[in-house]
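# Reading the structure
Okay, here's what each chain looks like letter by letter:
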Amino acid sequence: MANGNGHITPVEVDLTDQGITEHLSHKVFAFDRRLAYAMAGLGVLFILGIIGFVMRAVGDGFSDASRHEWGYYAAMFAFLLCTAGTAPLVAVAFRWTKNHWRRPLSRASEMFALVGILNLLWFIPLMALLPAIDLNGDGHLEVGVDRRTVWFEGPIGAPLWWDMAAMIGLVVCGLAILWVSARPDMSVVAARGSGWRAALMRKLAMGWQGTKRDWRRQQAFLAMLGGFYFMLLILVHTLVSLDFALSLVPGWKDSILAPHHALTGIQAAAGTVLVTIFVMRTWGGYGRYIGLDPFWAFSKVLLGLTLLWGYFWFSEFMTFWYGRDPTEQSVIKLVMFESYRTAFLLNFFFSFVIPFGLLLWNGVRKSVLGPTIAGASVIIGAFFMMVRLYVPAFNIRDVGAHSIADFEAGVGQAIPSQLLPVTPDVWDVFIILGGLSGTALIFLLGTRLLPVMSMWETKEGLLYMLVRPLLKGRYMVLGKPD
Amino acid sequence: MQEGRSLTDREINRGLLNSLYQNPKWYWGSVTLLGVIVLGAMAAAGYMINQGLGVTGLNRPVMWGFFITNFVFWIGISHAGVMLSAILRLSKAEWRRPATRAAEVLTVFSLMTAMLMPFIHAGRPWRLFYWVFPYDWARGVFPNVRSALIWDPSAVFTYLTSSILFVYIALLPDLAVIRDRSTGVRRTIYSVLCLGWKGNSRQWKLQIIAGILLSALILPVFVSVHSIVSFDFSMAIAVKSWHSTIFPPYFVIGAVHSGVAAVVIVMALMRWLFHWHDYVRPEHFDALGRLLIVVATGWFFFFVMEFLFGLYGLEGDEISVKDFLTAQAPWSWWFITFVGTTYFIPVGMWLFKSVRRNPWLMVVACVSVNIGMWLERFLIIVPGLAQKQLFNFAWYTYAPSPVEVVIIIGTFALVSMLMLLFAKVFPLIPIYDIKEGEILKQEIKIGRRTVPAVIRED
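This is a predicted model, so every value here is computed, not measured. (Residues numbered from 1 in each chain as written. Chains lettered and ligands numbered in written order. Predicted model: local features only at pLDDT ≥ 70, side-chain atom pairs only at ≥ 80, totals over all residues.)

## Details of the overall build of chain B
- A tally of helices and strands in chain B yields 17 helices and 2 strands.
- Its C-alpha atoms give chain B a radius of gyration of 23 Å, within 12% of the compact-globule value 23 Å for 458 residues.
- Each of the three principal axes of chain B carries a C-alpha extent, and together these read 70 × 55 × 40 Å.
- Relative to its full complement of 458 residues, chain B shows a buried share of 45%.
- Expressed as a percentage of contacts within chain B between residues at least 6 apart in sequence, the contacts between residues at least 24 apart total 79%. (Helix = DSSP H or I, 4+ residues; strand = E, 2+ residues; numbered from the N terminus. Rg over C-alpha atoms; globule rule 2.2 N^0.38 Å. Buried ≥ 20, exposed ≤ 12 C-beta atoms within 10 Å, placed from the backbone. Contact = placed C-beta atoms within 7 Å.)

## Overview of the overall build of chain A
- Along the backbone of chain A there are 17 helices and 2 strands.
- In terms of overall size, chain A behaves like a compact globule, its C-alpha atoms giving a radius of gyration of 24 Å where 482 residues would be expected to give roughly 23 Å.
- The dimensions of chain A, computed from C-alpha atoms along their principal axes, are 80 × 50 × 40 Å.
- Counting all 482 residues of chain A, 50% fall into the buried class.
- In chain A, once contacts between residues fewer than 6 apart in sequence are set aside, the share between residues at least 24 apart is 81%.

## Digging into the interface of chain A and chain B
- Taken together, the contact pairs 31 residues of chain A with 30 residues of chain B.
- When residues of the side of chain A that touches chain B are traced back to their parent elements, those giving at least two are helix H10 (257-282), helix H11 (293-323), helix H17 (455-464), strand E1 (465-470) and strand E2 (473-479) of chain A.
- Residue classes in the side of chain A that touches chain B are distributed as 19 nonpolar, 5 polar and 7 charged.
- Where E2 of chain A meets strand E2 (residues 449-456) of chain B, 4 bridges bridge the pair, whose relative direction is antiparallel. Bridge pairing links Met476 of chain A to Arg456 of chain B in E2 of chain B. (Nonpolar A, V, L, I, M, F, W, Y, C, P; charged D, E, K, R; others polar. Pairing = 2+ DSSP bridges.)

## Concerning unusual backbone geometry
- Here the bond from Arg60 of chain B into Pro61 of chain B is cis, since omega is 0°, no more than 30 degrees from zero.
- With respect to the helices and strands, Pro61 of chain B occurs in the loop between helix H2 (25-51) and helix H3 (66-77).
- The residue after Ala329 of chain B, namely Pro330 of chain B, is reached through a cis peptide bond having omega 0°.
- Topologically, Pro330 of chain B is positioned in the loop between helix H12 (316-327) and helix H13 (331-350).
- A positive phi angle is found at Met206 of chain A, which is not glycine, with a value near 45°.
- Assignment of secondary structure puts Met206 of chain A in the loop between helix H8 (195-205) and helix H9 (212-244).
- Despite not being glycine, Leu195 of chain B shows a phi value in the positive range, around 55°.
- If you trace the backbone, Leu195 of chain B turns up in the loop between helix H8 (184-193) and helix H9 (201-234).

## Concerning the sheet that holds E1 of chain A
- One open sheet accounts for 4 strands, arranged E1(A)-E2(A)-E2(B)-E1(B); its pairing is antiparallel. Only two strands of the sheet have a single partner each, and these edge strands are E1 of chain A together with strand E1 (441-446) of chain B. Between one strand and the next, the sheet's axes are offset by a mean angle of 45°, whatever the strand orientation.
- Across 6 bridges, E1 of chain A lies against E2 of chain A in antiparallel orientation. Counterpart to Val467 of chain A in the pairing with E2 of chain A is Met476 of chain A. (Axes fitted to C-alpha atoms, helices over the stretch in contact; angles between N-to-C directions.)

## Things to note about the environment of Leu204 of chain A
Residues and elements named next belong to chain A.
- Within the secondary structure layout, Leu204 lies in helix H8.
- Residue classification places Leu204 among the partly exposed positions, given that 17 C-beta atoms sit within 10 Å.
- In this structure, the C-alpha to C-alpha distance between Leu204 and Val180, residues 24 residues apart in sequence, is 9.7 Å.
- Apart from residues lying up to four places away in sequence, Leu204 is in contact with Trp179 and Met186.

## Regarding helix H10 (residues 247-273) of chain B
All names here are of chain B.
- Between the first and last C-alpha of H10 there are 38 Å, a value that for 27 residues agrees with the 39 Å anticipated at 1.5 Å per step.
- Counting buried residues along H10, 24 of its 27 residues qualify, which places the element largely inside the surrounding structure.
- Positive backbone phi, approximately 55°, marks His275, located one or two places after H10. (Expected span 1.5 Å × (residues − 1).)

## Digging into the packing of H10 of chain A against helix H15 (residues 369-395) of chain A
Residue and element names in this part refer to chain A.
- Running from amino to carboxyl end, H10 crosses H15 at an angle of 140°, the nearest separation of the two axes being 8 Å. Looking at the two axes, H10 sits oblique to H15. Two packed elements cross with a definite hand, and for H10 against H15 that hand is left-handed. Here Thr264, Gln267, Ala268, Ala270, Gly271, Thr272, Leu274, Val275 and Phe278 of H10 come into contact with H15, specifically with Pro371, Thr372, Gly375, Ala376, Val378, Ile379, Ala382 and Met385.
- Residues belonging to the contact of H10 with H15 are distributed by class as follows: 11 nonpolar, 6 polar and no charged. (Parallel < 35°, antiparallel > 145°, perpendicular 65-115°, else oblique. Left-handed = near helix turned anticlockwise from the far one by under 90°.)

## Things to note about the nonpolar core
- Counting residues in each nonpolar core, the largest one holds 266 residues, and the members touching the most others are Met386 and Tyr390 of chain A together with Val260, Val263 and Val264 of chain B.
- When residues of this core are assigned to their parent elements, the largest contribution, 17 residues, is made by H10 of chain B.
- Not counting chain neighbours up to four residues away, the residues in contact with Met386 of chain A comprise Ala75, Ala78, Phe79 and Cys82 of chain A. (Core = buried A, V, L, I, M, F, W, Y, C linked by C-beta atoms within 7 Å.)

## Quick notes on the packing of H3 of chain B against H9 of chain B
All names here are of chain B.
- Between H3 and H9, the shortest axis-to-axis distance is 10 Å and the interhelical angle comes to 165°. As judged from the angle between their axes, H3 and H9 are roughly antiparallel. For the pair H3 and H9, the crossing hand works out as left-handed. Residue-level inspection shows Val72, Ile75 and Gly76 of H3 in contact with H9, the latter providing Val225, His226 and Val229.
- Classifying every residue of the contact of H3 with H9 by side-chain character gives 4 nonpolar, 2 polar and no charged.

So, in structure tokens, the structure goes:
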């Protein structure tokens with residue numbers, strides 16, 4: 001467990017600085033047949049996704065009239081934002097709190113910043129689908145004619161260009177975090193490799209030499225960028241949920257939606273990182289770095305997030321249900337109990353019931369598989385949540401109405417047609433598959449450039465963790481630098 | 001995170017028990033002064049009960065004023081105990097040790113004080129009997145169990161019971177220390193109270209398990225208490241500005257904000273009054289300051305959402321309340337003061353490490369938070385009621401009477417007095433917890449640097 005100088009490794013094997021450098025930089029350059037097959041398969045699925053998008057765009061176009069066809073596309077955008085788009089926060093948060101168990105998962109979570117580029121591209125068509133605020137174009141806001149938004153009557157370019165600016169800010173900030181954090185490893189990879197990748201890493205490392213000044217600046221930048229990233233992330237979740245879901249449904253006035261959306265994102269990001277490190281540990285050849293610690297510690301965080309998820313949902317449900325207001329009743333019927341009942345039940349089950357039921361038990365938390373299953377569950381739950389929020393919102397045609405309670409059902413219909421559930425067609429399925437495979441593919445491409453395990457953080461961890469005797473036992477001692 | 005010198009068990013016993021065995025002049029002077037204020041508040045409450053609610057500023061439609069504001073405020077302060085004790089214990093934050101007992105005790109006393117407010121607010125306290133029990137037995141008229149006002153006392157009393165248990169379980173080892181240093185009747189009392197604590201391994205194991213279990217079990221109670229208090233408002237659809245889905249978490253995070261700030265004030269006072277500089281150190285204020293930045297920013301996000309959605313609906317009732325708050329003096333001044341003192345002033349101060357490490361500047365920032373949080377509750381309750389609502393044709397604003405002001409001041413004196421009296425009979429910093437911290441304290445040499453470290457037990 002302990003190496004020669006009394007310092008121990010994050011997991012129960014001997015590691016040395018040299019061994020870490022050699023192994024992790026070798027992983028970047030080595031050809032892995034399984035990985036190549038996986039990337040080829042993902043590439044095929046991603047192309048299917050592009051075909052789905054093209055067919056949707058050519059067949060339906062981008063207009064108010066075709067908005068209802070794009071519901072699953074919007075849901076998939078929000079899902080990517082919640083999972084890959086939020087994942088870098090895991091590295092940011094636990095670096096702030098100085099948890100040592102974060103070390104094996106920091107880089108993996110930061111690497112999802114690369115997927116932010118896909119998320120940003122995904123957002124562009126959505127801009128063409130959002131209806132204007134001033135529906136009748138008379139220059140002022142009129143209840144019952146124009147639609148309500150959190151932007152009211154201004155500023156210029158609202159909401160699209162402000163949303164776009166926030167999205168760009170988030171993606172750029174995420175990439176900056178990845179770059180600043182990876183510079184030390186880039187210089188190592190550049191020094192140990194050859195070819196275009198080594199040349200690219202050399203350029204990106206921008207003369208990193210590992211001086212005291214380099215390290216200090218890196219810490220300062222990471223802290224500052226982490227703060228920006230967190231604020232931008234909450235802003236983007238807020239804007240996306242309010243502009244692309246809530247404000248499209250007349251009468252939906254739900255002040256907890258944005259925090260709940262952000263929380264779902266954080267919960268799904270935790271799940272994404274847990275599943276990723278499980279895959280890395282089991283099939284990626286990183287077992288020696290990823291012990292039980294990150295799973296055990298992270299599972300407690302996931303349990304807390306799951307409880308909060310249930311609490312936020314209950315706050316929303318209780319206020320609407322107890323109030324007996326016809327408008328609010330019609331909203332919860334739409335997104336929870338009637339039109340999208342199946343999606344809601346799956347959302348509730350996977351986002352709350354399964355992770356809570358599993359992570360309640362210490363035995364499950366203190367395992368590798370238990371937290372991973374809970375993590376996978378919250379990812380699935382987040383998907384169904386985005387479906388039940390965005391698909392019905394995109395299906396509303398009369399966005400300027402006062403309330404969806406005023407919509408009238410057609411002859412022989414129990415529910416007005418705008419409030420009927422929308423099932424995905426083949427292009428929606430292609431788009432969903434394309435989004436999922438695109439995320440995985442970009443992540444895997446990232447691992448061909450950078451070590452997916454942060455070398456410098458792993459080595460730093462060796463310095464801060466020791467085993468020392470106390471009374472009759474031997475215990476782990478954790479350094480807590482300021 | 002490990003400043004200050006290492007302390008021996010003997011030094012810790014002597015240092016932390018000095019509040020019990022020393023009798024400085026300021027102590028009894030302060031208790032007497034606070035007692036006089038409490039008596040004044042009791043007299044004001046008696047006068048109000050005798051004369052009726054007409055001596056207060058309450059009138060239709062503003063029937064909830066200072067008393068209910070103060071009720072919500074003290075319930076909020078009570079959230080300090082669980083936040084600092086349970087959550088930090090579960091997350092094994094080392095810096096929690098000197099803060100936990102004071103936070104837990106503050107929880108108990110603020111809950112007791114909070115529960116006085118509905119009694120006083122009722123005008124005729126005996127009528128509270130009707131609140132939870134059936135009245136007029138012959139006609140079988142029962143309280144409405146579907147009302148949040150009925151859920152409220154259930155949640156608060158459950159929280160009070162579990163908080164008392166929480167304090168008591170954590171006190172057991174310290175009670176035994178006091179027992180071993182006492183004689184006569186005092187020894188007998190502490191012997192009974194410490195339940196035969198001998199400090200054997202079985203007792204320690206049970207105490208730790210009980211502490212962890214209570215920490216975990218009290219968390220849902222902690223969240224439910226302020227959520228249900230928020231339901232008193234958000235379940236009402238008649239007052240539009242109260243009917244908001246964000247109210248439960250908004251109230252809870254606001255409570256944590258004011259509660260933790262209150263603990264900082266108590267810690268700084270303890271440090272100063274009892275000379276506990278070795279135990280309550282700048283590093284603890286620094287950690288609390290950083291925690292408060294996160295909590296305050298979370299609170300601010302919820303506040304923005306709550307305010308934004310007041311306008312989002314473009315409904316006249318709600319816009320008139322926001323207009324009242326932001327454009328009509330003196331309410332707009334109160335509103336600016338509330339936002340400034342709750343967020344911008346304290347967070348602006350906490351961004352500087354030198355401020356976070358200075359106990360008195362931390363007190364200034366935390367007093368600011370609590371002024372703001374008191375105003376927040378006031379500005380939620382009164383403008384919502386004062387503005388014209390559906391089915392309400394009376395317009396009226398509210399100004400508190402001297403009777404209400406005296407009673408409110410009395411509640412602050414009561415909590416302070418109870419804290420001082422507690423310090424006279426029990427240590428306000430857990431002795432065993434500090435000793436455990438000393439054992440777990442380590443250092444790691446990395447090159448020429450020495451890094452503070454801690455032993456991890458699992």
